[in-house]
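Residue strings, one per chain:
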Amino acid sequence: MGKEIGEVGLEDLVKAGLRMDEAREFDEILNGVLRGRRRGVLELDPREVWRELVALKVLKPWHPHGLHQLLYYSVYADWDVSSNGPPLSWFPSLHQAKLTNLGRAMEIHGPKLLGSLYKDPITSINLFHKFSVQHPEAYWPIALKELSVVFHEAPKCILERNDKSKQGGTWLPGSLLNIAECCLQPTSHPRKQDDSVAVVWRDEGCGDSGVNHMTLKEFREQVMLVANALDATFSKGDAIAIDMPMTVHAVIIYLAIVLAGFVVVSIADSFAAREIATRLRVSNAKGIFTQDYIVRGGKKAPLYSKVVEAAPLKAIVLPGIGNNLSIQLREQDLSWKNFLSSVDRHPRPNYYVPDYRPVDSIINILFSSGTTGEPKAIPWTQLPPIRCAAEIWAHIDLKVGDVFCWPTNLGWVVGPILMFGCFLNGATLALYHGSPLGRGFGKFVQDAGVTVLGTVPSLVKAWKSTNGVDGLDWTKIRLFCSTGEASNVDDDLWLSSKSYYNPIIECCGGTELGSSYIQGSLLQPQAFGTFSGASMTTGFVILDEHGIPYPDDQPCVGEVGLFPLYLGATDRLLNADHNEVYFRGMPMYKGMQLRRHGDIIQRTVGGYYIVQGRADDTMNLGGIKTSSVEIERVCDRADESIVETAAISVAPVGGGPEVLVIFVVLKKGFNIQPGKLKMKFLQAVQSNLNPLFKVSVVKIVPEFPRTASNKLLRRVLRDQVRHELSIQSRM
């Protein structure tokens, strides 16, 4: 256990990276805060101390990370997680809460919907959330009015529940719209004008140039130009793939496909030819947009050649650099220039009448990661864009004037979520054409004036380990969001410190949900690496190993079971039995059959949530169930040499209890023996988790196997260890 905050002295501050003169000045400020918090109180409340330090901006973004670590961990040195819940990192004020999107809506509608029970956005958020779950027909009209969703024909109602074959209900029945048109047209609320900036971007290697931008009018005209060219090249209703980085051109192409009544097939640009071929076959795609090369980190990686190897489909090929292709195309393929030239004689090439379709028409086919077997083909209708935009409005608090950047790809669910979230909320989409790992990306975030930055934990870990954003100004960022994998507390501390400890909103969901089922909220205090509640209108329970729900207020660990009424969730799969995948075998709860999601989550004291991994990443150590993520959280901080760890368990070949194996990636320049790490891990696991846990093997590796979306493949590591044990047993 480290020092308490009251014991921190000059020597500690110097050791943390301050010069002696800086340490004296800082020590005086720190002691002033502590004296002010005491005011005759014998014991300081660590939450109030941290709140005060953050509010007074005592810690600066340019201070060494060692200083941030010293104060945070000293403040919470005696914090008992088992009785107090996770240590809090950010606190809403009532004034701030009333200015948020959701808080403002609650002030208007709360008294009418909740009556005298409504107090204010912070006090009443849990009650308002519960109301939204029980009465989605009352909540969704509020959210829809906040988005630029315009129906060509209005829905008969919000939700029809009478069709028992549709466990998820029928949402917005009878409505016609084109969700791409909703993204492109000016609206009075949210305020989107023709001269509003729709997109900003920069190419890698152009950090000394200005940031490119496109107004809503310019952007709309480009989308409509491409829509006209699509009509000249394909047949209405065709599925058309996009396999390229998430550039401004890729976003234009995506919206043009939807605007013109075609279907987008989303393929991540990191896939090998075999994976591309699988997705093109399953979706029955008729064409594909791609690039000659991908340029990342100053290196060119071939992309068109992978597409050629994958299928003989017509490809429209864009240059990765400049305006001209650097490769020879097949006879059936078109350059981007030649594709656009098909509308040279069109009387109005920059005008297009949208193709209006029912709300449940498919607009996009996305795919699961495909870590086992054939990837599930997940169809998006026009409902998921509405759902994800509404959650970004409510939980990420995106507003007109915000600039939202999230390094991702249209092949993964975050790409469409980011795009629709921006355009349906009237915010500016920020795109970096290059690797997000280097300093060039960090400088783009600074120069573009990004106000909301999305991340994945492994990306934050890379920024932190390379010091790639040192000296850059990220203080315009008012909010971070994170998804994709479990967050590391110390990495979150580092990230949040770059903008004076503005909040990190954790998001966890899935492609088949079109959204997140648990998130953080600006109406609740936040703790690093945790979720503060379910997303609006989402209900769920946590199931024990017998499928019985734990009480809603009880700390527990188990598999999540979602309530089936969920606007935006899939009701079909293109290459699998939807009912088999998501419902069969799930228990009934209050007359509803729960929907499977596959996550193991922990509800803590205080009602926070921590994702413990997938159901198949749980382990049984000495008769005690735990998760890989829980072990990794503890081991990651066991030694300064560690970049990250991966924990798996395997049963010995001859049977018997599972043994714990920990894989480690070390920081560059460090050299430590596995035996020494094993002792450190053993001490960390036994003192922080359970004294009965034992660490059997430690293996140091250069990197971990991951999916194309960067999710850790513990299954591969598990299979590797099983194979080694099998060989040893035969020797």
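Since the model is a prediction, treat every value here as computed from it, not as a measurement. (Residues numbered from 1 in each chain as written. Predicted model: local features only at pLDDT ≥ 70, side-chain atom pairs only at ≥ 80, totals over all residues. Heavy atoms only, no water.)

**Comments concerning empty space enclosed by the protein**
Counted under the stated rule, the structure contains two cavities of 30 Å³ or more. Size it by volume and the largest cavity reaches roughly 60 Å³. Contributing to the lining of the largest cavity are Leu-177, Asn-178, Val-258, Gly-261, Phe-262, Asp-355, Arg-357, Ile-362, Ile-363 and Gln-382. Considering only enclosed or pocket space, the second largest cavity measures out at about 50 Å³ in volume. As for the second largest cavity, its lining consists of Ser-89, Trp-90, Asp-492, Pro-503, Ile-504, Glu-506, Gln-526, Ala-527, Phe-528 and Gly-529. In terms of residue class, the lining of the second largest cavity is built from five nonpolar, three polar and two charged. (1 Å grid on protein atoms, 1.4 Å probe; cavity = no way out; pocket = protein on both sides within 12 Å on 5 of 7 lines; lining within 4 Å. Points joined across faces, edges and corners; volume = space filled by probe spheres on them. Nonpolar A, V, L, I, M, F, W, Y, C, P; charged D, E, K, R; others polar.)

**Looking at the packing of helix α16 (residues 383-394) against helix α17 (residues 414-425)**
Viewed as axis vectors pointing N to C, α16 and α17 meet at an angle of 70°, and their least axial separation amounts to 8 Å. What the angle tells us is that α16 and α17 run roughly perpendicular. The chirality of how α16 crosses α17 is right-handed. Contacts from Pro-385, Cys-388, Ala-389, Ile-392 and Trp-393 in α16 reach Ile-417, Phe-420, Gly-421, Leu-424 and Asn-425 in α17. The class makeup of the residues in the contact of α16 with α17 is eight nonpolar, two polar and no charged. (Axes fitted to C-alpha atoms, helices over the stretch in contact; angles between N-to-C directions. Helix = DSSP H or I, 4+ residues; strand = E, 2+ residues; numbered from the N terminus. Parallel < 35°, antiparallel > 145°, perpendicular 65-115°, else oblique. Left-handed = near helix turned anticlockwise from the far one by under 90°. Contact = heavy atoms within 4.5 Å.)

**Focus: the UniProt feature "transmembrane region" (unreviewed entry) in the protein**
Under the local residue numbering, the UniProt record ascribes the feature "transmembrane region" (unreviewed entry) to residues 251-272. Helix makes up 41% of residues 251-272 and strand makes up 18%, while its end C-alpha atoms are separated by 22 Å. (UniProt positions renumbered as here; feature names shortened; annotations may be inferred.)

**Overview of the pattern of salt bridges**
A full pass over the atoms with the stated rule returns 33 salt bridges. The shortest N-O distance in the salt bridge between Arg-387 and Glu-391 comes to 2.9 Å. In this pair, Arg-387 and Glu-391 are both assigned in helix α16, four residues apart and thus about one turn of the helix distant. Neither Arg-387 nor Glu-391 differs from the other in exposure class; each is buried. (Salt bridge = Lys/Arg side-chain N within 4 Å of Asp/Glu carboxyl O. Buried < 20%, exposed > 50% of the residue type's maximum accessible area, 1.4 Å probe, protein only.)

**Some details on the sheet that holds strand β28 (residues 609-614)**
The strand order across the open sheet formed by four strands is β23-β24-β27-β28, and the pairing between neighbours is antiparallel. Pairing within the sheet leaves two strands with one partner each, and these edge strands are β23 (540-543) and β28. Within the sheet, the average angular offset between the axes of one strand and its neighbour, ignoring direction, is 40°. Two strands pair when backbone bridges link them, and strand β24 (residues 556-562) and strand β27 (residues 595-603) are joined in this way by six bridges, in the antiparallel orientation. Across the sheet, residue Leu-562 finds its bridge partner in β27, namely Arg-595. (Pairing = 2+ DSSP bridges.)

**Structural notes on the nonpolar core**
Ranked by internal contacts, the top residues of the largest apolar core, which has 107 residues, are Leu-102, Phe-219, Leu-230, Leu-255, Phe-289, Phe-420 and Phe-423. Aside from chain neighbours lying at most four places away, what touches Leu-230 is Ile-240, Ala-256, Ile-257, Phe-262, Phe-289 and Phe-339. Counting residues in hydrophobic clusters, the runner-up holds 52 residues, among them Val-33, Leu-34, Leu-88 and Tyr-432. (Core = buried A, V, L, I, M, F, W, Y, C linked by side-chain atoms within 4.5 Å.)

**Some words on the sheet that holds strand β31 (residues 642-650)**
Here three strands make up an open sheet; going across it, the order is β31-β32-β33 and the pairing mixed. Every other strand in the sheet has two partners, leaving β31 and β33 (695-700) as the edge strands with one partner each. Strand-to-strand twist of the sheet, defined as the mean angle between neighbouring strand axes without regard to direction, takes the value 25°. Note that β31 and strand β32 (residues 659-666) share eight bridges and pair antiparallel. When the bridges of β32 are listed, Ala-647 appears paired with Ile-662. Sitting on the sheet, helix α22 (residues 628-635) touches β31 and β32, and the angle it makes with β31 is about 145°.

**Overview of the layout of surface pockets**
The gaps of empty space that remain are located by a probe, the size of a water molecule, rolled over the atoms. In this structure, the second largest pocket spans a volume of roughly 1,100 Å³. Surrounding the second largest pocket, 45 residues form its lining, Asn-126, His-129, Lys-130, Val-133 and Asp-552 being those nearest its centre. Only α8 (121-134), β22 (533-534) and β23 provide two or more residues apiece to the lining of the second largest pocket. Counting residues per element, the lining of the second largest pocket draws most heavily on α8, which supplies nine residues.

**A few points about unusual backbone geometry**
The omega angle of the peptide bond from His-189 to Pro-190 is -5°, so this bond is cis rather than trans. Residue placement: Pro-190 occurs in the loop between α10 (179-184) and β4 (197-203). Positive phi outside glycine occurs at Lys-590, with the angle close to 50°. By the element assignment, Lys-590 lies in the loop between β25 (588-589) and β26 (592-593). The exposure class assigned to Lys-590 is exposed, which follows from its relative accessible area of 72%.

**What about the environment of Pro-674?**
Structurally, the position occupied by Pro-674 is in helix α23 (residues 674-688). Separated by 347 residues in sequence, Pro-674 and Ile-327 have C-alpha atoms that sit 48 Å apart. Apart from the residues lying within four places of it in its own chain, the contact partners of Pro-674 are Val-698 and Ile-700.

**Overview of α8**
Along its 14 residues, α8 runs 19 Å from first to last C-alpha, staying within 8% of the 20 Å computed at 1.5 Å per residue. The sharpest bend along α8 comes to roughly 30°, located at Leu-127. Buried within α8 we find Pro-121, Ser-124, Ile-125, Phe-128, His-129, Phe-131 and Ser-132. Buried residues belonging to α8 abut α6 (94-99), α7 (101-114), α9 (136-146) and β22. (Expected span 1.5 Å × (residues − 1). Bend = angle between axes of the 7 residues up to and from the residue.)

**A few points about the environment of Gln-602**
Inspection of the secondary structure assignment puts Gln-602 in strand β27. Distance in space between the C-alpha atoms of Gln-602 and Gly-613 is 9.9 Å, their sequence separation being 11 residues. Setting aside chain neighbours within four positions, we find Gln-602 in contact with Cys-556, Val-557, Tyr-608, Tyr-609, Ile-610 and Gln-612.

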